[in-house]
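Residue strings, one per chain:
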Amino acid sequence: MTHIGVTVDGTHRHADVEPRLLLVHWLREDLGLVGTPIGCDTSNCGACTVLVDGRSVKSCSVLAVQVDGKEVTTIQGLTVEDGEWHPVQKAFKECHGLQCGYCTPGMVLASVDLLSENPDPTEEEIRQGLEGNLCRCTGYHNIVKAVATAAAEMRGGTS
Amino acid sequence: MIPSSFDYVKASTVDEAVAALTAAGEDAKVLGGGQSLLPVLRLRLNSPSVLVDVSEVDEMRQVTDEGSALLVGAAVTTYEVMHHDLVTAHVPLLAQTAALVADPAIRHRGTFGGSCTHADPSGDMPTVARVLDAEFVVAGPGGRRTVPAADFFVDFFTTAVGPDEVLVAVRLPKMGGWGSHYEKFHRTAQAWAIVGVAAAVRVEGGTIAEARVALTNMGATPIRAASVEAALTGGPATAEAIAAAAESAADGTSPTSDTHADAEFRRHLARVLTKRAVTKAAGL
């Protein structure tokens, strides 16, 4: 067992974990954070995307021991303090940027990462930025619209 | 699937990593970002008894300006390579190609050195190293040695790095005066190159003074298109001359046939992508 200390969604967590434990399994099975789904389990689909130190990663392809000392944000930690949704979450709801919803947590977190780097992306840049996240319902049109809407909202909020 | 059990050693120096690998015998693997290794472990294609994590070895996280070359640490991530000021200024081909590797989440974790040592024939980074005649700095129990790119890539998923050795850094020559471009053909949802071409040319007064072309996935390892380089060198930097030279891009190659493309289509892609890559590298 290896000891790790990780801040998950703002809460500091300590655990003794098997080195082979995947981050997504630690989140879901040990911490009960089942908002992060497992999709393909082959690092292809991006459903399990979380942020590590603010950058998107596929949590099925990261060992829990590799995030020792780091900060992990799941979809459940994105909601701001008073329960209000993140602008990206709101935009996904308003633009109907989801159908079955399975890819949504990963899509939202990948979008948050994209917008932190590029606050005013073109449609092409949004599509490129989300290339690692697959929607099996093929609902990309509204997802792209949601990210553009969130970007505008977030730019307005900071100016 | 869940990987089989292994011991985990987090190295803080290159020496610690080499010592851990030596102690573990042939059954250890080096862990960088894990973006190639973890899928392999999860599919149980490999079951090492020890993983030696080098992702936070300080020396391997640096990009150093050596004057005529850059020394890029093996644990620098693909994302960092894309954005590093020294890389974009002096080896823009590496930054441009890094942006075409996988997807953002994988680029955040995957490392330049890991991509090279994994040596997937469809990987993009090995081809850039090969076209630039990079040097690989490898540390082992007997000290350090430098391996030229021509000798580094040995076979499918096989490099000159021994089981008790670590790739520390890759030395890439600065490309002042050169134009360059990496062109790849891949399926939209999967970024592995079906075929890729890296080109670098130095144009002097309308003539191609020097030309380098390397191919991804046209054999077990990245290979130089020597006949294209010879045909380009000394010739005019024109679309016609480049198109004629690119016709020999598939000569001497041995591409595989798989579900994505048969060998003949790969040869076709090599010619087409070589023409495009050299044309862009020449600024036409």
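Structural notes, computed from the coordinates. The shown structure was predicted, so the numbers you read here are calculated from the model rather than taken from an experiment.

Re the overall build of chain B
Thinking step 1. For chain B, the count of helices and strands is 12 helices and 14 strands.
Thinking step 2. Rg of the C-alpha trace for chain B: 19 Å, near the compact-globule value of 19 Å for 284 residues, within the 12% margin.
Thinking step 3. Overall, the C-alpha framework of chain B stretches about 60 × 45 × 30 Å when taken along its three principal axes.
Thinking step 4. Expressed as a percentage of its 284 residues, the buried residues of chain B come to 53%.
Thinking step 5. Counted over contacts in chain B with a minimum sequence separation of 6, partners at least 24 positions apart contribute 64%.

Considerations on the packing of helix 2 (residues 87-94) of chain A against helix 3 (residues 104-117) of chain A
A packed helix pair is summarised by two numbers, namely the angle formed by the two axes and the spacing between the axes.
Residue and element names in this part refer to chain A.
Thinking step 1. Packing of helix 2 against helix 3 brings their axes to within 9 Å, and their N-to-C directions diverge by 130°. In terms of their interaxial angle, helix 2 and helix 3 are classed as oblique. Taken as a pair, helix 2 and helix 3 cross one another with a handedness that is right-handed. In contact with Val88, Gln89 and Phe92 of helix 2, helix 3 contributes Thr104, Val108, Ser111 and Val112.
Thinking step 2. Of the residues that constitute the contact of helix 2 with helix 3, the class distribution is four nonpolar, three polar and no charged.

A few points about the packing of helix 11 (residues 239-246) of chain B against helix 12 (residues 263-281) of chain B
Residues and elements named next belong to chain B.
Thinking step 1. Between helix 11 and helix 12, the shortest axis-to-axis distance is 8 Å and the interhelical angle comes to 145°. By crossing handedness, the relation of helix 11 to helix 12 is classed as right-handed. Together, Ala239, Ile242, Ala243 and Ala246 of helix 11 and Arg271, Thr274, Lys275, Val278 and Thr279 of helix 12 make up the contact between the two elements.
Thinking step 2. Split by residue class, the contact of helix 11 with helix 12 holds five nonpolar, two polar and two charged.

Considering the interface of chain A and chain B
Thinking step 1. Taken together, the 24 residues of chain A in the interface contact 20 residues of chain B.
Thinking step 2. If you list the elements that add at least two residues to the side of chain A that touches chain B, you get strand 4 (55-58) and helix 3 of chain A.
Thinking step 3. Element by element, the count of residues in the side of chain A that touches chain B is highest for strand 4 of chain A, at four residues.
Thinking step 4. Residue composition of the side of chain A that touches chain B, grouped by class: seven nonpolar, 10 polar and seven charged.

Section: the pairing of strand 3 (residues 49-52) of chain A
Residues and elements named next belong to chain A.
Thinking step 1. Both faces of strand 3 are covered, namely the face carrying Thr49 and Leu51 and the face carrying Val50 and Val52.
Thinking step 2. The pairing of strand 3 with strand 4 spans four bridges and is classified as antiparallel. The residue bridging Val52 from the neighbouring strand is Arg55, located in strand 4.
Thinking step 3. If you look at the hairpin formed by strand 3 and strand 4, you'll find two residues sitting between the two strands, and Asp53 has a positive phi there, around 50°.
Thinking step 4. Pairing of strand 3 with strand 5 (residues 71-73) involves two bridges; the strand directions are antiparallel. Pairing of Leu51 across the sheet is with Thr73, part of strand 5.

Analysis parameters
- Residues numbered from 1 in each chain as written.
- Chains lettered and ligands numbered in written order.
- Predicted model: local features only at pLDDT ≥ 70, side-chain atom pairs only at ≥ 80, totals over all residues.
- Helix = DSSP H or I, 4+ residues; strand = E, 2+ residues; numbered from the N terminus.
- Rg over C-alpha atoms; globule rule 2.2 N^0.38 Å.
- Buried ≥ 20, exposed ≤ 12 C-beta atoms within 10 Å, placed from the backbone.
- Contact = placed C-beta atoms within 7 Å.
- Axes fitted to C-alpha atoms, helices over the stretch in contact; angles between N-to-C directions.
- Parallel < 35°, antiparallel > 145°, perpendicular 65-115°, else oblique.
- Left-handed = near helix turned anticlockwise from the far one by under 90°.
- Nonpolar A, V, L, I, M, F, W, Y, C, P; charged D, E, K, R; others polar.
- Pairing = 2+ DSSP bridges.

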